[in-house]
Amino acid sequence: MTRLTQRLFHFAIVILGVTTLVFIALRMTGDPALMLLPGDPTPEDIMLARQKLGVDQPWMTQYITFIGNAFRGNFGVSFQHGVDATGLVFERLPATAALAGSALLLAAAFAIPLGILAAVFRGTVIDLIVMVLAVIGQGVPFFWLGLMLILIFGVELRWFPTGGYGGWQHLILPSLTLAGYIAASTARLARSSMLEVLGRDYMRTARAKGLALHVVVLKHGLRNAAIPLITFLGLQMGLLLGGTVVVEEIFGWPGVGRLLLQAISYRDYPVVQAATFILAMIFVLVNILVDLIYTVLDPRIRDQR
Amino acid sequence: MTTRVVPLKPSAPDVTSEKTTFRVRRRHLKIVLPIAVLCAVVAVAVFAPALAPFDPTAQHLSLRLRPPSWIKGGDPRFLLGTDHLGRDILSRLYYGARVSLPIALAATTTGALIGITLGLLSGYFRGIVDSIVTKLIDIQLSFPFILFAIAVIAISGPKLYMLVLVLAARSWTTFARVVRGETFVIGGNDYVVAARALGASQPRVIFRHILPNILPLAVVIGTLDIGALIILESTLSFLGLGVQPPTVSWGRELSEARQYIQLAWWTTTFPGLALLVVVLFVNLLGDGLRDILDPRLRAR
Amino acid sequence: MNSKSRTLGYAAALATAISWSCVAPASAQPTGQLVIAQGTDAVTMDPGNTTQMTAMQPFNFVYEKLLNRDKDMKLVPELAESWKSVDDLTWEIKLRKGVKFHNGEDFNADSVKFTLDRLRVAGTTAVSGGFTTIDSVNIVDPATVRIVTKKPDPLLPARLAQWGAQMLPAGYFKEVGKEGLARKAVGTGPYRFAEWRKDDRLVFEANPNYWGEKPKFARVIFRPIPDEFARVSALMSGDVDLVVNIPVDFVDKVKTSGSTYLSQTYASATDVFLLGNDEALKKREVRLALNLAIDRKSMIDTLFRGFARPIAQGAAPTDFGYNPNIKDYPYDPEQAKKLLAEAGYAKGLSLTVQSSNGYILGDTLIVEAVVEMLKKVGVDAQPRVLEIARRAEMLGKKQVSGMLLANPGSTLFDADGIVWRLLRPDGLAGVYWPRGQEGTDLFKLMEEARYTIDENKRRDLYYKAAEILHDDPPWVYLWQEFFLYGVSCRVSFEARVDTMILPASISVDAAKKGGGQCK
């Protein structure tokens, strides 16, 4: 097998594994018929509702149908919303992508330069300030940060809307909240990666040859320090897409996270299954993308393969 | 990339011969201070019953949301004020330390045990074992964490050790990835190859030659991980999946008091500060340990 | 027979906010925009497919029912012109003429028959439980229908005004099917469906062809804001003008801001602890002791700052059949201890006290406070938070143990909605309660009241039932809930006891605003 097919096989197994586990987890934890019906259904009501939802079948039968349909991208009709589940998830993707993307960009734009600065000026006040900020950033739960931002910039100063989805103004506070946490760890990672690179022989040689500091740092250092950073940010992207739920709850952001949370609460099997499948696919795509970037950035890896 | 070898990046080697003594001392300071602070927190947790002026669950409904005692309207009996059920915030902070810290510690330890084992096996045996472990890691990472938490808690009920397992599920992948990568590298080292050639049994090679080289790294990851898990526990509380009453934890305090963030700042500020201080010093300790323990760093 | 999602609890999810951006001049043409934001979004545009309160709230703007309730909860005609009982089993309804659905389809007897036929068979829709007393719907002429019930049903007119009874266009449904209806609402109401971006905004626009009073706003928008603090913040910052379920601690802020005011009403929901299948809870002494061990007054005064009123019988004070002669239980921990000792639990009793987290207003707070009070009378009470699906399972499969916080209420504002629904022999509480069994005095009263058309006679029957329910409490009574709305001074809003926000309850009429709280 070539490396590519090997990777694809690996990810196919991962996706199959996730969807199967989700399938089982859902069925072990509650009855969607009871969530849909009012508080005191009669046993007949429950039976009828289960029939209607198709959850009265044995698990194996349900599973075979599910896998068969999933291959065609059909996850069924949402129990709660009464419309196609896949469509529901796709409707939400742009909002989540906008939030996760802008948070990641914000984090990278601030944290990487700061981390590099801290590394270059190691042991100085700059380093200290950056690191203290970073550690504080990691020590603050983001629901708290989000509420503070609403209080300060939404209620007191009224610079930005307190929540909702729309123009760029709506994006600022939620992406800042999310960026805060990522930025903290990114800055720390940028600093330590850069420190390691700066310590390598070829960097010393480059400096000894009389190249200016900024040239050395930006040209040689960044290129090499980028690999762990990209790995990290790629991993964050994967986690972010499913993990923005807290920020989405606070800012009323119509993303996949909230859809998934509600669907889980109401045991809306089709939606949960569609959402987890699509999120797992995205996770895989980001992985493959990072693989590619990685190969471009580091010729040694390319050669090894 | 999640399965790729991503060695934890050590800080740059800063040991130049003439400054060694000074630097070493500074490095030790970097771990002595955090250890001192954390010991103090642990002491508070241990002696909470003696220190706390009130039973942490004792309610004074007529004295809800009183500000700290030094502020107008405060009650001298409640140094840091009272929460939305009129409970003493200071006492709840003391008792909260008994839950927040052990949970994060237990979760990290569990995560470390699982992660190191799988990482070692994967990195040492490679082939099919590695293939299975990397798939497990990616499955865990792409499984929606909240669904995982709800599923575990829905099946088992909100028990403290289940919460530990949920947090450990988030933590083991980091250990596994890093240890796997390191084992790849160490497994190829001359002395390991030599040991194998001399007929050392596999357990012997793993336990005598590889594990000792990996443990310092694991300690470092673990320390950095504890902070993240303390925060994660509070996030789970936000979603109603964290520590359940009557148990007190800082994360639950913070998330339950969140609607009073403006009306009664003290209800969120003090648990928030407690979290921040602990995460801060745990992370500092992790950084300090990394400088001292990371074997590659020492070798240079 | 009632919308029972109340028992599931949704209160925290139900928060509604209204805002409108431009000042509307006093003119006949609707101008301005009214943004109604809720704790959670609507889930479907199909009134038959949800029992969640927040999901139903927007229906009031697009759909209409045959009957509705005015602000005193009296039944009034909406799409019906009149209704009368022809005999014990038959009701005749005259329909309003010349009404059109938003898609141009005529509203007539066919629409009524289609809508009710879809609802009346058990299990076909989520709300069918409230319509199963209907046997058939017969068209007399395009503007007259006769509804035949299986048994005499005094509540039939009330059923036609309840959740799920919104009139639907038969032709549209045939054309687009269930999924189409779920996506896009077509009704007869003063506003018509414009756009829906799930979990962000649901937009309605004025219906220029509306048969009744002209709509007051050009657009009405519903927005979901899940976090309580964020919701109040949206009101304070002017992003939003009305918030339902203001947390009580924010009341002062809303009252004194100068740009917002508080609007309040009793809700039909009552908070109670259902009692489960534990052996001890079968004893009257124990149930009575639990009722005496709870200091309702101090909880209401502190946790709810006065916004709740204690109850000591099944029905809520706003329900038909509520017996005003029954006194509240005193807070008497000594008597409670004595009763527990008499029942054989002098050495204590172990009970779990359970609730959801965030689905009934203040649920975890109530549980924590009650646990402390129970400890004082020697009950070893263990608080336990249930995930909502777990809770639904417990209720649905009737496997309640210990105490479980619930907020039942009759959406028909009738004692039947609580007494019969929960206490019938196979009801949620009836299964565990000796008095609820078939053949008991209470059972006979409930059954008789249920099929009695004469109002005075029914009332007397419920008064008697209430006495039994007070003397031998089937559960632990707490209080009737309040609904608090924060409203922007830019609009006038009148809260209704059914907690519904209707197009008619919001206006831009300056004279009614704020009761002195607006600057």
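Please read these numbers as outputs of a predicted model, since none were measured by experiment.

1. Remarks on the overall build of chain C
- The secondary structure content of chain C amounts to 16 helices and 20 strands.
- Out of the 519 residues in chain C, the part that is buried amounts to 59%.
- A fraction of 69% describes how many contacts in chain C between residues 6 or more apart in sequence connect residues 24 or more apart.

2. A word on the pairing of strand E16 (residues 379–385) of chain C
Residues and elements named next belong to chain C.
- On E16, burial follows the alternation: Val-379, Ala-381, Pro-383 and Val-385 on one face are buried, whereas Asp-380, Gln-382 and Arg-384 on the facing-out side are not.
- Examined bridge by bridge, strand E15 (residues 349–355) and E16 share seven bridges and lie parallel to one another. Its bridge partner being in E16, Val-353 is matched across the sheet by Pro-383.
- For the segment spanning E15, helix H12 (residues 363–376) and E16, crossover handedness is right-handed.

3. With respect to the interface of chain B and chain A
- On the chain A side, the residues contacting the 42 residues of chain B number 49 residues.
- Looking at the side of chain B that touches chain A, the element that brings in the most residues is helix H10 (residues 265–293) of chain B, giving eight residues.
- Split by residue class, the side of chain B that touches chain A holds 25 nonpolar, 12 polar and five charged.

4. Comments concerning unusual backbone geometry
- Look at the link from B:Pro245 to B:Pro246: it is a cis peptide, with omega at 10°.
- Mapping B:Pro246 onto the fold places it in the loop between helix H8 (202–238) and helix H9 (250–256).
- A positive phi angle, near 50°, is found at B:Leu65, a position not held by glycine.
- Here B:Leu65 is to be found in the loop between helix H2 (48–51) and helix H3 (89–125).
- Non-glycine residue C:Thr499 carries a positive phi angle of around 60°.
- Its location among the elements puts C:Thr499 in the loop between strand E19 (492–493) and strand E20 (506–507).
- Residue class for C:Thr499 comes out buried when judged on the 23 C-beta atoms lying within 10 Å of it.

5. Structural notes on the sheet that holds strand E5 (residues 80–85) of chain C
All names here are of chain C.
- Pairing is antiparallel in the open sheet, where four strands are placed in the order E5-E6-E8-E7. In the strand order of this sheet, the two ends are held by E5 and strand E7 (134–141), each with one partner. Direction aside, the axes of adjacent strands within the sheet are offset by 20° on average.
- Both E5 and strand E6 (residues 90–95) contribute to a ladder of five bridges, which runs antiparallel. For Trp-83, the partnering residue across the bridge sits in E6 and is Ile-93.
- Running at roughly 170° to E7, helix H4 (residues 109–120) makes contact with E6, E7 and strand E8 (144–149) of the sheet.

6. Comments concerning the environment of B:Tyr260
- Along the chain, B:Tyr260 falls in the loop between H9 and H10.
- Owing to 20 C-beta atoms within 10 Å, B:Tyr260 belongs among the buried residues under this scheme.
- Apart from the residues within four sequence positions on either side, B:Tyr260 is in contact with B:Leu65, B:His84, B:Thr267, B:Thr268 and C:Asp249.

7. Here we look at the interface of chain C and chain B
- With 21 residues of chain C at the interface, the matching set in chain B holds 20 residues.
- Among the elements of the structure, helix H7 (228–236), helix H10 (296–302), H12, E16 and helix H13 (388–396) of chain C are those that each provide at least two residues to the side of chain C that touches chain B.
- The element best represented in the side of chain C that touches chain B is H12(C), accounting for six residues.

8. Focus: the environment of B:Phe281
Residues and elements named next belong to chain B.
- Tracing the backbone shows Phe-281 in helix H10.
- Here the alpha-carbon distance between Phe-281 and Arg-126, two residues 155 residues apart in the chain, equals 37 Å.
- When neighbours within four sequence positions are excluded, Phe-281 is seen to be in contact with Pro-34, Val-37 and Leu-38.

9. Examining the confidence of the model for chain A
- When pLDDT is averaged along chain A, the result is 83; 94% of the residues meet or exceed 70.
- By mean pLDDT, helix H14 (residues 299–304) of chain A is the weakest element of chain A at 49, and helix H5 (residues 85–120) of chain A is the strongest at 89.

10. Describing the packing of helix H5 (residues 145–156) of chain B against helix H6 (residues 160–187) of chain B
All names here are of chain B.
- For the pair H5 and H6, interaxial distance at closest approach is 10 Å and the crossing angle is 155°. One way to sum up the angle between H5 and H6 is to call them roughly antiparallel. As H5 packs across H6, the resulting crossing turns out to be right-handed. Of the residues in H6, those in contact with Phe-145, Phe-148, Ala-149, Val-152, Ile-153 and Ser-156 of H5 are Met-162, Leu-165, Val-166, Ala-169 and Arg-170.

11. Observations concerning the packing of helix H7 (residues 142–156) of chain A against H7(C)
- With their axes 10 Å apart at the nearest point, H7(A) and H7(C) run at an angle of 5° to one another. Judged on the interaxial angle alone, H7(C) and H7(A) are roughly parallel. In this structure, H7(A) uses A:Leu147, A:Ile150, A:Leu151, A:Gly154 and A:Val155 to contact H7(C), whose residues at the interface are C:Phe229, C:Ala230, C:Ser233 and C:Met236.
- Class assignment for the residues of the contact of H7(A) with H7(C) results in seven nonpolar, two polar and no charged.

12. Details of the pairing of strand E18 (residues 476–488) of chain C
Residues and elements named next belong to chain C.
- The element E18 is extensively covered by neighbouring structure, given that 13 of its 13 residues are classed as buried.
- Two strands pair when backbone bridges link them, and strand E12 (residues 242–244) and E18 are joined in this way by three bridges, in the antiparallel orientation. Bridging across to E18, Leu-242 finds its partner in Val-487.
- Here 11 bridges tie strand E13 (residues 260–275) to E18, and the two strands are oriented antiparallel to one another. For Asp-271, the partnering residue across the bridge sits in E18 and is Trp-479.
- Across three bridges, strand E14 (residues 308–310) lies against E18 in antiparallel orientation.

13. Re H10(B)
- Taking 1.5 Å per residue, 29 residues should reach 42 Å; H10(B) reaches 41 Å between its end C-alpha atoms and fits that length.
- Burial of H10(B) is extensive: 22 of the 29 residues sit out of reach of the surface.

About the thresholds
- Residues numbered from 1 in each chain as written.
- Chains lettered and ligands numbered in written order.
- Predicted model: local features only at pLDDT ≥ 70, side-chain atom pairs only at ≥ 80, totals over all residues.
- Helix = DSSP H or I, 4+ residues; strand = E, 2+ residues; numbered from the N terminus.
- Buried ≥ 20, exposed ≤ 12 C-beta atoms within 10 Å, placed from the backbone.
- Contact = placed C-beta atoms within 7 Å.
- Pairing = 2+ DSSP bridges.
- Right-handed = clockwise from strand over helix to strand, strands pointing away.
- Nonpolar A, V, L, I, M, F, W, Y, C, P; charged D, E, K, R; others polar.
- Axes fitted to C-alpha atoms, helices over the stretch in contact; angles between N-to-C directions.
- pLDDT = per-residue confidence, 0-100.
- Parallel < 35°, antiparallel > 145°, perpendicular 65-115°, else oblique.
- Left-handed = near helix turned anticlockwise from the far one by under 90°.
- Expected span 1.5 Å × (residues − 1).

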